[in-house]
Amino acid sequence: MTANVAVETTPEIPVWNDPARDVNTRVTALIGAMTLEEKIAQLYGVWVGASDEGGEVAPHQHDMEEAVDLDALLPNGLGQLTRPFGTAPVDPALGALSLLRTQSRITSANRFGIPAVAHEECLAGFATWKATAYPVPLSWGATFDPDLIHRMAAAIGRDMRSVGVHQGLAPVLDVVRDARWGRVEETIGEDPYLVATVGTAYVRGLQSSGVVATLKHFVGYSASRAGRNLAPVGMGSRECADILLPPFEMAVGEGGARSVMSAYNDTDGVPAAADENLLTGLLRDVWGFDGTVVADYFGIAFLRTLHGIAGDWSEAAGTALRAGVDVELPTVKTFGAPLVEAVTAGRVPESIVDRALYRVLSEKARLGLLDADWSPVPAALAGADLDDPDALRGTVDLDTPENRDLAREVAERAVVLLANDGTLPLDRPRRIALVGPNAQEPTAVLGCYSFPLHVGVHHPEVADGIALPTLREAVEREFPGADVTVAHGTGVDDGDTAGIDEAVRVAREADVVIAVLGDRAGLFGRGTSGEGCDAESLALPGAQQQLLDALLDAGTPVVTVLLAGRPYALGRAVDGAAAIVQSFFPGVEGTTALAGVLSGRTDPGGRLPVSVPRGPGAQPATYLGARLAQSSEVSNIDPTPAFAFGHGLSYTAFDWSDLAIEEKETGTDGAFRLAFTVRNTGEREGTEVVQLYLHDPVASVVQPVQRLIGYTRVPLAAGQARRLRVTIPADLASFTGRGGRRVVEPGDLELRLAASSADPRLTATVTLTGPERSVDHTRRLHAVFGQEAEPAE
């Protein structure tokens, strides 16, 4: 097709290439100059793999799609490059060179010189060979520390941007509804406020480094029936509005997220990628989101193949485009020739192509990709000899000492001490029995979206590319005077019990047993945790519980250490273990962090982002249950957890006192102010995590018994106290009422200042007065904490 309109340009520079002009002017001019084929080419990606020799990328042949012909596609342009670094092991410098050369090819082939957006996974670090693998998002949640996660995300973004990547497919903002779901490790937790605040911090951090954050998965994916991956969702609109949507709302409104990924699931029969009310009505018209909506991989084709709501590829494309999806990923399937034919035939209006294109080109303009002086040379290769690939090899470091220090800080702050009879910290034990399937497994600290487990497993001839000290190595370094004996006992999930007797023998000869249990991350059934690795129950996989029970019977104190992607029921160990230490895939420095907690070098600073069940079958259950979801005499299933959301012990003790309530009553548009004191009454420094829960005794619709509305970390030296003040807007009591509107109702409330959802320390009974008040996405979302240090005693 010919160009739509003639566009005025200066002799020196086209309008769209002029950074002095506003984005709207530039993008509008460019759209007006493009043919239909050129427009649609900006709306899809191509899955590629960088060359380890520094040559151009090659199309990645995925088993779900046909091969693409780049020579045929590139004259019309290209919207995105899918995972050039994250498809196969490639030296970072040569991957950057390969991407540079590919971008040069793309810009040379299309008449407007538009480069592609390169995107990568970054769920637990830049998912490429030789890059730091940070703790998984469930560990982010365990830190209860958004500022730390902001710093981590900024570091990840700097590494990505330095080699030419523009967009990251993270964070996952799904709220855990059923811990059997395999992707629990990718989530931040089971509470929407925790997920929202930590996830928004990640968004801000990543985008502060110039990398577009992509919110996943919008929305409902984690609420699947029976915790199965890519399964139907049957939740009501109120559960969606009050539990699943708030993290996305905050990340868009406060975090300024520039991209959103539509989810795979259907909710009550409507697939997310086809839901105009969701992707346009709510996301754009109500929340004001003006970035790009990208499809989860193959999600548009799934409208035909899995959901059965489209009869052919063009209908799938038109349905997604109308709903508000702007970009097809990972590769071209429906947005290519089928969409061109549908628009040409009049079945899909060109105006909705232009609508999506406007968003895509606006993002490219913000990234500098339309500027006349844009260069494909990334910062990591600035000044390098690009004609000598061999000399470049090994010159780009994506696993720097600074990265490792930051990864260790996150891992240390995420370790949760669940139980302790005084055995921890270990006091120079002479003989340590290190038992279990994860005691000597280097990758036991990694989640399924880490490069070694996501991609590296397909290349067994290539080393992991990053140092992964085992827990054995870390324990031997931490306790140099101890005799450490190792016994495998059983595999993660092989069910083999042949080694249990040997493990018991080793245990009986030791002063302390460290039982290292948990998961093996993987994809689609290749692990016990990860995408497509859903669990039938929350019993420890394989024969691990049998091993643990045998160790408990051996008579030596057992410290249970879990390297896992989800919480598990621990049977007798809940009451019988000397101590229980929970770590959710803590990344490259995870074993060092764990060893430091075992020795007492560091205080365990984490709190549970998900409840730990007492029994393996009481699912789905989260702490956000209403009254009917609690234990009762009319059901033989008790969902009460062994360790509640927000729980975590320290090596010191804290006293909470002197609650002052400045306003016992305020209007439905007002705020409450409280003050109280937290004192470290122990003999060593530590950090208390103050959590604020709201209990609404009487509401017009059923409410959770309590829900988190604020939190803060309080570091205290031995004997030190801090006076904390907190302002609590009435907006935080809002919920979706019977009419479908979010309201603040008058009435009594309890504001519970707590060490966990099961451990309230101080309670303020207050009252909201006046009329019912409607609120929207502009409502106040946070309680505001302040701290004043008091002298140590």
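Calculation notes
- The residue numbers shown here count from 1 along each chain, following its written sequence.
- The predicted nature of this model means local features are confined to residues of pLDDT at least 70 and side-chain atom pairs, given and counted, to a pLDDT of 80 or more, with totals for whole chains, interfaces and linings taken over all residues.
- Excluded from the side-chain calculation are hydrogens and water; included are all heavy atoms of the structure.
- A residue counts toward a patch only above 30% relative accessible area and without a salt bridge, and it is joined to like-charged neighbours within 9 Å or, for Val, Leu, Ile, Met, Phe, Trp and Tyr, to nonpolar neighbours within 5 Å.
- Per-residue and other accessible areas were derived by the Shrake-Rupley procedure at a 1.4 Å probe size, with only the shown protein chains allowed to occlude residues.
- In what follows, salt bridge is the name for a side-chain nitrogen of Lys or Arg lying within 4 Å of a carboxyl oxygen of Asp or Glu.
- Charged residues are defined narrowly, with Lys and Arg counted positive, Asp and Glu counted negative, and His plus the chain ends left uncounted.
- By convention, charge coordinates are those of NZ in Lys, CZ in Arg, CG in Asp, or CD in Glu.
- Secondary structure elements follow DSSP: runs of H or I of four or more residues count as helices, runs of E of two or more count as strands, with numbering from the N terminus.
- For every residue, the accessible area obtained with a 1.4 Å probe (protein chains only) is divided by the maximum for its type, and the residue is called buried under 20%, exposed over 50%, and partly exposed between those limits.
- A strand pair is defined by DSSP finding two or more bridges across the two strands.
- Note on geometry: axes are C-alpha line fits, over the in-contact stretch for helices, and angles between N-to-C directions span 0 to 180 degrees.
- Every residue pair with non-hydrogen atoms within 4.5 Å of one another is taken to be in contact.
- Oblique is the label for every angle not falling under 35 degrees (roughly parallel), over 145 degrees (roughly antiparallel), or within 65 to 115 degrees (roughly perpendicular).
- Under the grouping applied here, Gly and all other residues not named as nonpolar or charged are polar, the nonpolar ones being Ala, Val, Leu, Ile, Met, Phe, Trp, Tyr, Cys and Pro and the charged ones Asp, Glu, Lys and Arg.
- Think of a nonpolar core as a cluster: buried Ala, Val, Leu, Ile, Met, Phe, Trp, Tyr and Cys residues, connected wherever their side-chain atoms sit within 4.5 Å.

**What to know about a negative patch on the surface**
- A contiguous patch of negative charge on the surface is contributed by Asp385, Asp387, Asp388 and Asp390.
- Inspection of the secondary structure puts Asp385 in the loop between helix 14 (350-366) and helix 15 (389-392).
- Owing to a relative accessible area of 46%, Asp385 belongs among the partly exposed residues under this scheme.

**So, the sheet that holds strand 3 (residues 80-82)**
- In spatial order, the strands read 2-1-3-4-5-6-7-10; together these eight strands make up an open sheet with mixed pairing. The open sheet has two edge strands, strand 2 (58-59) and strand 10 (292-295), and neither has a second partner.
- Pairing of strand 1 (residues 45-49) with strand 3, which is carried by three bridges, proceeds in the parallel orientation. Residue pairing in the sheet places Gly45 in a bridge with Gln80 of strand 3.

**Concerning the sheet that holds strand 13 (residues 483-487)**
- Pairing is mixed across the open sheet formed by six strands, whose spatial order is 11-16-15-14-12-13. With partners counted over all chains shown, the strands left at the sheet margins are strand 11 (416-420) and strand 13, one partner each. Sheet twist, expressed as the average angle between the axes of neighbouring strands with direction ignored, equals 20°.
- When strand 12 (residues 431-435) meets strand 13, the two strands line up parallel, connected through five bridges. Of the residues in strand 13, the one forming a bridge with Arg431 is Asp483.
- The sheet strands contacting helix 20 (residues 544-553) are strand 12, strand 14 (512-518) and strand 15 (558-564), and the helix crosses strand 14 at an angle near 170°.
- Its contacts with the sheet put helix 22 (residues 590-599) on strand 14, strand 15 and strand 16 (579-584), and the angle it makes with strand 15 is roughly 155°.

**A word on the packing of helix 12 (residues 313-323) against helix 13 (residues 337-344)**
- Axis separation between helix 12 and helix 13 bottoms out at 8 Å; the angle between their running directions is 80°. As the angle between them shows, helix 12 and helix 13 are arranged roughly perpendicular. When helix 12 is examined against helix 13, the residues Trp313, Ser314, Ala317 and Leu321 are found in contact with a partner set consisting of Pro338, Leu339 and Ala342.
- A breakdown of the residues in the contact of helix 12 with helix 13 according to their chemical character gives six nonpolar, one polar and no charged.

**Describing the pattern of salt bridges**
- All told, the structure shown has 50 salt bridges when counted by the stated rule.
- We note a salt bridge from Glu186 to Arg183, for which the minimum N-O separation is 2.7 Å.
- Relative accessible area serves as the criterion here: at 1%, Glu186 is assigned to the buried category.
- For Arg183, a relative accessible area of 2% corresponds to the buried category.
- Put simply, Arg725 and Glu788 hold a salt bridge, and the shortest N to O gap is 3.1 Å. Of this pair, Arg725 sits in strand 24 (residues 721-729) while Glu788 sits in strand 30 (residues 784-790); the two residues are 63 residues apart in sequence, bridging distant segments of the chain.
- The class for Glu788 is partly exposed, based on a relative accessible area of 39%.

**A few points about the nonpolar core**
- One finds Tyr202 and Phe218 to be the most contacted residues of the largest nonpolar core, which totals 227 residues.
- With residues up to four places along the chain from it excluded, the contact list for Tyr202 reads Cys122, Trp140, Ile149, Met152, Ala153, Ile156, Ala170 and Pro171.

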